[in-house]
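# An overview of the molecular structure
Each chain, letter by letter, is given below.
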Amino acid sequence: MKAVVIGSMNMDYTMVVDHLPARGETVTAVRLRTSAGGKGLNQAVALARLGVEVVMVGAVGDDASGKALLGNLPKDHIPDFAIKKVDDSTGNAFITVDSQGHNTIVVYPGANYKLDMGWVESFKGEIASADFVVMQMEIPLDTVVSSIELAHSLGTTVVLNPAPALPLPPEIYPMIDLIVPNETELTLLTGQNDVLEGARKLLEMGAKAVVVTLGSSGCLYEDTSQEILVEGFKVNAVDSTAAGDAFIGGLLSALGRREDIRTAMTFANAVGAITVTRPGAQESIPTYEEVKDFLRRRGA
Ligand code: RIB
């Protein structure tokens, strides 16, 4: 099973705080951590740890952060041939995490915004031979839209995690096989506050299937013939960073193994749950064996 991830690569600067600052408030962090992140790279790492062959299409700057991100790839068996080196700083994310594991994230895109369609098109062969292409929205919107069109024209399954959410051209929805928003993104894309209404609206807009992530409450699947809610696992959360990315890796790896949708949702919930029990982005994402062990212990 092979996936092409077209997306962002960031260096994350995480400050651990007692509570998230309110507007105008200064808070003192108890810890500062630097780690590899970016929604695209996190999803690539999750897929790789869960047994999927991954090609990462992305961009980094010619700086220490870029070198560090590239240097991490071999341990997850992710090749770097489709990662562009550009004259800009590598993307940065500034994250605050509170004592309940909730976070806020501000991203400076840097090199990620130089990921252009010319570069993506040079990996057309990889896209054509992949089982699915996964995208998020921390790269230029034009590149996301054109990549969806390209993957769709090549007959490769298109998966979009619309994060951070931006309005998409209406004609693009029918080319999306699976869209995976969280509740905030769902509301922004559909104008609906109700999760079921929002998921149905995405189907009306043309997406073939929808999975809405509901944090610790689990996830909802919706297509034109079925609606499935799978509850999440209760865990002690320390840091929710990359939980959504890990969930997507879990879901797609399970669907790639031809598991039915309910089993795949349970597996993805487990991946997300394990991720929130550990600090950081990529270092918190579990392996396949860790997920199977978690599910066994939970009797799932
Ligand atoms: O989804 C989590 C990620 O969002 C972080 O790793 C950060 O880099 C931002 O892109």
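Here the structure is shown first, and the text comes after it.
Residues numbered from 1 in each chain as written. Predicted model: local features only at pLDDT ≥ 70, side-chain atom pairs only at ≥ 80, totals over all residues. Heavy atoms only, no water.

### Considerations on the site of the ligand
- Every one of the 13 residues lining the ligand counts as a neighbour, but Asp12, Gly38, Asn42, Glu138 and Asp245 are closest to it.
- One of the side-chain N or O atoms of Asn10 is found 3.0 Å from an oxygen atom in the ligand.
- One of the side-chain N or O atoms of Asn42 is found 3.0 Å from an oxygen atom in the ligand.
- Residue assignment for the shell around the ligand shows that the elements contributing at least two residues are strand 2 (10–16), helix 1 (39–49) and strand 7 (103–108).
- Residue composition of the shell around the ligand, by class: 5 nonpolar, 4 polar and 4 charged. (Near = heavy atom within 4 Å. Polar contact = N/O pair within 3.5 Å; in protein donor to acceptor, adjacent residues only side chain to side chain. Helix = DSSP H or I, 4+ residues; strand = E, 2+ residues; numbered from the N terminus. Nonpolar A, V, L, I, M, F, W, Y, C, P; charged D, E, K, R; others polar.)

### Observations regarding the packing of aromatic side chains
- Under the definition given, this model contains 5 aromatic pairs.
- Between Tyr13 and Phe94, the aromatic rings sit 5.6 Å apart at their centres with planes inclined by 15°, giving stacked as the arrangement. Linking Tyr13 in strand 2 with Phe94 in strand 6 (residues 91–97), this pair joins segments that are 81 residues apart in sequence.
- Owing to a relative accessible area of 25%, Tyr13 belongs among the partly exposed residues under this scheme.
- Judged by its relative accessible area of 40%, Phe94 falls in the partly exposed class. (Phe/Tyr/Trp six-rings, centres within 6.5 Å; stacked < 30°, edge-to-face > 60°. Buried < 20%, exposed > 50% of the residue type's maximum accessible area, 1.4 Å probe, protein only.)

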